[in-house]
Amino acid sequence: MDMALFVPVLFIILLGVPLFYVLLQGHWRIRRRRQYHPMVGTFFDQRKNFSRLYDYHTEISRRHLSFRILSSSFTSEIYTNDPAVIEHILSTNLYNYGKQRRHFSLTAPATGLFIDLSYWVLLLGLNHDPGFDTVGSYTYDIMKDLFGDGIFIVDGAKWRHQRKLAGSMLSTRSLKEASTTAFKKKAIMLASILGEAADTDKEIDLQDIFTKVTMDSLFQVFFGMDPNHLQNTNGETKQFVQALDKSNELINARFVDPLWKLKKFLNIGSAAVLKEKIKTVDDYLFKLIRSEINRIENTKEVRQDLLARFLDERSSDPETLTDKYLRDIILNFVVSGKDTTASCLAWFFYLMCVNPNIERTIIDEITDSVGAPGTETYEEFTGKLNEESLGKMKFFHAALIETLRLYPSLPMNGRVCISDDTLPDGCDIRAGEFIVFQPYCMGRMKSLWGEDAEIFRPERWIDAAGNLITENPFKFTPFRGGPGFALERSSLTVR
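Novice: Can you help me understand the sheet that holds strand E4 (residues 97-98) in this one?
Specialist: Adjacent strands of a sheet form backbone hydrogen bonds with each other and so pair up, either parallel or antiparallel. A sheet is described by the order of its strands in space; here six strands give the open sequence E1-E2-E3-E10-E7-E4, paired in mixed fashion. Looking at the sheet topology across the chains shown, the edges are occupied by strand E1 (39-42) and E4. Direction of pairing for strand E7 (residues 413-417) relative to strand E10 (residues 434-437): antiparallel, over a ladder of four bridges. Across the sheet, arginine 415 pairs through a bridge with isoleucine 435, a residue of E10. Here helix H3 (residues 53-61) sits on the sheet in contact with E1, strand E2 (66-70) and strand E3 (76-80), set at roughly 130° to E2.

Novice: In this structure, what is going on with helix H4 (residues 83-92)? I would like to understand it.
Specialist: Turn by turn, an α-helix covers 3.6 residues, leaving residues three or four places apart pointing in a common direction. Those residues of H4 that sit buried are Pro83, Val85, Ile86, His88, Ile89 and Leu90. The opening residue of H4, the one whose side-chain oxygen lies 3.0 Å from the backbone nitrogen of alanine 84, is aspartate 82.

Novice: Got a minute to help me understand the nonpolar core in this structure?
Specialist: The tendency in soluble globular proteins is for nonpolar side chains to be buried as a group. Phe219, Phe223, Phe240 and Leu285 are the most contacted members of the largest nonpolar core, which totals 57 residues. Ranked by residues supplied to this core, first place goes to helix H12 (residues 269-299) with nine residues. Judged by nonpolar contacts, the second largest core, of 24 residues, contains Tyr97, Cys344, Ile401 and Phe476.

Novice: Got a minute to help me understand the side chain of lysine 212 in this structure?
Specialist: Within the secondary structure, lysine 212 is located in helix H9 (residues 206-223). With near-sequence residues (within four places) excluded, lysine 212 lies in contact with His229 and Leu230.

Novice: Would you explain the environment of arginine 62 in this entry?
Specialist: Its location among the elements puts arginine 62 in the loop between H3 and E2. Take arginine 62: its relative accessible area is 48%, and that puts it in the partly exposed class. Within the structure, arginine 62 has its side chain in polar contact with the side chain of glutamate 454 (distance 3.0 Å).

Novice: What is the right way to read the pattern of salt bridges from this model?
Specialist: Across all of its chains, the model carries 23 salt bridges by this definition. A salt bridge links glutamate 59 to arginine 52; its shortest N-O distance comes to 2.3 Å. Exposure remark for glutamate 59: the relative accessible area of 33% places this residue in the partly exposed category. Residue classification places arginine 52 among the partly exposed residues on the basis of a relative accessible area of 30%. Each of Glu402, Arg405, Asp452, Arg457 and Arg460 takes part in one network of salt bridges that share partners.

Novice: When you look at a nonpolar patch on the surface in this model, what are you seeing that I'm missing?
Specialist: Residues Leu259, Leu262, Phe265, Leu266 and Ile268 make up a contiguous nonpolar surface patch of roughly 450 Å² in combined accessible area. On the secondary structure map, leucine 259 appears in the loop between helix H10 (235-253) and helix H11 (260-266). Of the residues examined, leucine 259 reaches a relative accessible area of 46% and is grouped as partly exposed.

Novice: Please clarify how the environment of proline 408 should be interpreted in this entry.
Specialist: By the secondary structure assignment, proline 408 is in the loop between helix H18 (394-406) and E7. Sequence-wise, proline 408 and phenylalanine 476 are 68 residues apart; in three dimensions their C-alpha atoms are separated by 9.8 Å. Setting aside anything within four residues of it in sequence, one finds proline 408 in contact with Thr403, Pro439, Tyr440 and Pro478.

Novice: When you look at the packing of aromatic side chains in this model, what are you seeing that I'm missing?
Specialist: By convention here, two paired aromatic rings are described through the distance between centres and the angle between planes. This model, assessed by the stated rule, comprises eleven aromatic pairs. On the basis of an interplanar angle of 15° and a centroid distance of 5.7 Å, the ring pair of phenylalanine 67 and tyrosine 79 is categorised as stacked. Taken together, the residues span a long stretch of sequence, with phenylalanine 67 in strand E2 and tyrosine 79 in strand E3 at a distance of twelve residues. An identical accessibility class is assigned to phenylalanine 67 and tyrosine 79; each is buried.

Novice: Explain a negative patch on the surface here, please?
Specialist: Judged by side-chain charge, Asp312, Glu313, Asp317 and Glu319 come together as a negatively charged surface patch. Here aspartate 312 is to be found in helix H13 (residues 306-314). For aspartate 312, a relative accessible area of 54% puts it in the exposed group.

Novice: Is there a simple way to think about the packing of helix H14 (residues 323-354) against H18 in this case?
Specialist: The geometry of H14 relative to H18 is characterised by a closest axis approach of 9 Å and an angle of 110° between their N-to-C directions. One finds that H14 runs roughly perpendicular with respect to H18. Facing H14, whose interface residues are Cys344, Trp347, Phe348 and Leu351, H18 presents Phe396, Ala399, Leu400, Thr403 and Leu404. Its residues placed into classes, the contact of H14 with H18 shows eight nonpolar, one polar and no charged.

Novice: Is there a simple way to think about unusual backbone geometry in this case?
Specialist: Trans peptide bonds make up most of the peptide bonds, and negative phi angles are found at most residues other than glycine. Residues other than glycine seldom take positive phi values, yet aspartate 201 does so here, at roughly 55°. Considering the arrangement of structural elements, one finds aspartate 201 in the loop between helix H8 (173-200) and H9. Here the phi dihedral of asparagine 267 falls at roughly 55°; this positive angle occurs in a residue that is not glycine. Mapped onto the fold, asparagine 267 is located in the loop between H11 and H12.

Calculation criteria
Residues numbered from 1 in each chain as written. Predicted model: local features only at pLDDT ≥ 70, side-chain atom pairs only at ≥ 80, totals over all residues. Heavy atoms only, no water. Pairing = 2+ DSSP bridges. Helix = DSSP H or I, 4+ residues; strand = E, 2+ residues; numbered from the N terminus. Contact = heavy atoms within 4.5 Å. Axes fitted to C-alpha atoms, helices over the stretch in contact; angles between N-to-C directions. Buried < 20%, exposed > 50% of the residue type's maximum accessible area, 1.4 Å probe, protein only. Polar contact = N/O pair within 3.5 Å; in protein donor to acceptor, adjacent residues only side chain to side chain. Core = buried A, V, L, I, M, F, W, Y, C linked by side-chain atoms within 4.5 Å. Salt bridge = Lys/Arg side-chain N within 4 Å of Asp/Glu carboxyl O. Patch = residues over 30% accessible without salt bridge, like charges linked within 9 Å, V, L, I, M, F, W, Y side chains within 5 Å. Areas by Shrake-Rupley, 256 points an atom, 1.4 Å probe, with all protein chains shown as cover. Phe/Tyr/Trp six-rings, centres within 6.5 Å; stacked < 30°, edge-to-face > 60°. Lys, Arg positive; Asp, Glu negative; His and termini not counted. Charge placed at Lys NZ, Arg CZ, Asp CG, Glu CD. Parallel < 35°, antiparallel > 145°, perpendicular 65-115°, else oblique. Nonpolar A, V, L, I, M, F, W, Y, C, P; charged D, E, K, R; others polar.

Shape is all these values report; function is a separate question.
Structure, rendered in structure tokens:
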């Protein structure tokens, strides 16, 4: 063969064979039929059942371990109760699942059809916020108006920064001592209020009282300030608590409202109410922050709480650690602690009322553990509460865990898939799709907990030797698995 012809032919062969192989492989992948979880409804069904949303999802979960629902952003979202899938997204393949959605798209699972909606988002002006990701975000975009850049909705450097500081603080002995003092003080006040109500047959709102006592304790422990919501009846404090609860409610409603961005843009309806409530929350928190900063600067007081640590760091990075950033941090920790502790206490007391035999067992255990004859004052009784006596209260601890199994503080929690993935059950998930695990539904599933799954039975958490049972964190998910598991569990244990 002529050398002039041989070289081009050889070049074509060397280049063409690998290219043909790549194209063939790509063609096979395109043609391969993807596996998807069944589509069982739409956001219209969720909105129709919004007042009983978690029970509605539980009914579906009894038929499907994992399923899809067409969401208000016109994407098909996955809801799962499968421990293997949950472990995959929270631990095994953790870094492929974040809190922010990178794509805004419509996927039809039956066909694999993918329709980019970015053009319509831009055309309608729904991404008017300068911080809007190229083609949108999801959880962060929905919640940032209230929670800002706080630890529970951000990813990346800000999440690591806040978790590092909070984690180091939660592990210190000084925090345990400070939290013990704060919670004992508030426990005495709480016991006095409940005792007076019992003596006078006065009707009280337990949820409201637990919320206030929890917020006071958390402000004291994390930020060195006591707003005294429990006894403070002035209008400003009441407005703050009410505004915070209403804001939280309206933020959650966005998940099933396809028009929330339009409402926000036009400042109408629920968006206008939310804006007003968030302003009330901001005014209250900024006032507290400035007051506390002035007190620290004027007294030169040496403190180890979370706010003091952030203020120490601000001297080296004032542009990042602004008052707004501190506001976001405070709000995230307080709301998280308030909801987990106050909700758990409220449901726990309810369950005691409907299970008097269990209540009697817990009272006897507490009395024996503390060594209290039953004639002490509230101050004397709390003085006997310590790490040793609390460690003896195994049945009490089991009852609290069982309360969280049936009534988790966060009934649903989700992540966004960053790149295409195949889940352990063999089904596919596309980049940008949202996957939600459901602690509330899982706590009621007989396939996970047996025939008595819906019955309050603390004994399920105690083994034959009388020790507490540690369950798979991807089956018992109120604390969530993964890197945040230890932080959340230790934080709630302290409270």
